[in-house]
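# Examination of the molecular architecture
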Amino acid sequence: MIQSIKKSIVMLLLVTAFTSCNQGPTLQTYYVDNELKPGFSTFDVPASFIVVEDVELTDEQEEAYESVDKLNVLTFMKEDTDAEAYKVELEKINTILKDPKYEDLMRGGNSVDGKFVVKFLGDIENIDELIIFGHAKDKGFMIARVLGDDMNANKLVSLTSILEKADFDENQLKDLTDFFK
């Protein structure tokens, strides 16, 4: 009897281990696999990079600011590679973002200037990861992952007004600003 209980426990653990493994690609693995490849650029920006000491924050803005840990950005510049490689990489990202675990928050843009999508992991009141993906046919694409704990979509939107007043070193964001020129 004890032997059958042991076998049952081992089987349960094995089934759990095999079914819990994610076999599909994720944004994290895509970042790691491509960060050093030609055409790609990456950078991480901690939330402390944005200095808000001289900015008066509402309680909602303070809570939103405190919920953000960092921003991971991966860019792929089309000018650094051929059109076919761009299409392949764009398709990889679109395939990853079609996973139902990434929920849509917002979409925009057009086929001439470029398109963007904002997705998230978690629920709208407690977002674990906010994903901003934008692409332009003549430039390339950018994926930004806003990582934090229990971020709230509505409160994060309130942060946009303080970004205009906050102090940060624009030279450190040169790659990102160059992408949008």
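Residues numbered from 1 in each chain as written. Predicted model: local features only at pLDDT ≥ 70, side-chain atom pairs only at ≥ 80, totals over all residues. Heavy atoms only, no water.

## Quick word on unusual backbone geometry
Applied cut-off: Here a strand is any run of E in DSSP of at least two residues, a helix any run of H or I of at least four, and the numbering for each starts at the N terminus.
With a phi angle near 50°, D150 is a residue other than glycine that sits in the positive phi range. Here D150 lies in strand 6 (residues 140-151).

## Some points on the confidence of the model for the protein chain
To keep it simple, the criterion reads: The quantity called pLDDT is the predictor's confidence in a given residue, expressed from 0 to 100.
When pLDDT is averaged across the protein chain, the result is 79; 73% of the residues are at 70 or more. Of all the helices and strands in the protein chain, helix 7 (residues 174-179) carries the lowest mean pLDDT, 52, while helix 2 (residues 27-34) carries the highest, 92.

## Quick look at the sheet that holds strand 2 (residues 68-77)
Spelled out, the test is: When DSSP locates at least two bridges between a pair of strands, those strands are taken to pair. Geometry is summarised by axes, namely lines fitted to C-alpha atoms with helices restricted to the contacting stretch, and by angles between N-to-C directions that run from 0 to 180 degrees. Contact definition: two residues touch when any of their heavy atoms are within 4.5 Å.
Strands sit in the order 1-2-6-5-4-3 across an open sheet of six strands; the sheet is antiparallel. Of all strands in the sheet, those bounded by a partner on one side alone are strand 1 (40-46) and strand 3 (103-110). Each strand of the sheet is rotated relative to its neighbour by a mean of 10°, with strand direction disregarded. Of the pairings in the sheet, the one linking strand 5 (residues 126-136) to strand 6 comprises nine bridges and is antiparallel in character. Paired with H135 across the two strands is F141, which belongs to strand 6. In this fold helix 3 (residues 59-67) packs onto strand 2 and strand 6, with an angle of close to 65° to the strand it touches most, strand 2.

## Some points on the packing of helix 2 against helix 4 (residues 83-97)
For the record, the criterion: Working rule for angles: under 35 degrees goes down as roughly parallel, over 145 as roughly antiparallel, 65 to 115 as roughly perpendicular, anything else as oblique. By the convention adopted, Pro, Cys, Tyr, Trp, Phe, Met, Ile, Leu, Val and Ala count as nonpolar, Lys, Arg, Asp and Glu as charged, and the other residues, Gly among them, as polar.
At a minimum axis separation of 10 Å, helix 2 and helix 4 run at an interaxial angle of 155°. Between helix 2 and helix 4, the angle is such that the two are roughly antiparallel. Contacts from L27, Y30 and N34 of helix 2 reach helix 4 at E89, K92, I93, I96 and L97. Class assignment for the residues of the contact of helix 2 with helix 4 results in five nonpolar, one polar and two charged.

## Concerning the packing of aromatic side chains
Our working definition: Within 6.5 Å between ring centres, the rings of Phe, Tyr and Trp (the latter by its six-membered ring) count as paired, and their orientation is classed by plane angle as stacked under 30 degrees, edge-to-face over 60, tilted in between.
As enumerated under the stated definition, the model contains seven aromatic pairs in all. Centre to centre, the rings of F40 and F76 are 4.6 Å apart; their planes meet at 55°, and the pair counts as tilted. In this pair, F40 is assigned in strand 1 and F76 in strand 2, connecting sequence segments 36 residues apart. Geometrically, the ring pair formed by F76 and Y86 is stacked, given 6.3 Å between the ring centres and 20° between the ring planes.

## Looking at the environment of K78
The condition that has to hold: Polar contacts, as used here, are pairs of N or O atoms within 3.5 Å; protein pairs need one atom able to donate a hydrogen and one able to accept it. Residues neighboring in sequence count only if both atoms are side-chain atoms.
With respect to the helices, strands and loops of the structure, K78 is situated in the loop between strand 2 and helix 4. Distance in space between the C-alpha atoms of K78 and K137 is 8.0 Å, their sequence separation being 59 residues. Residues within four places of K78 in sequence aside, it is in contact with A83, Y86, K137, D138, K139 and G140. In terms of polar contacts, K78 uses its side chain to reach the backbone carbonyl oxygen of K137, at 2.7 Å.

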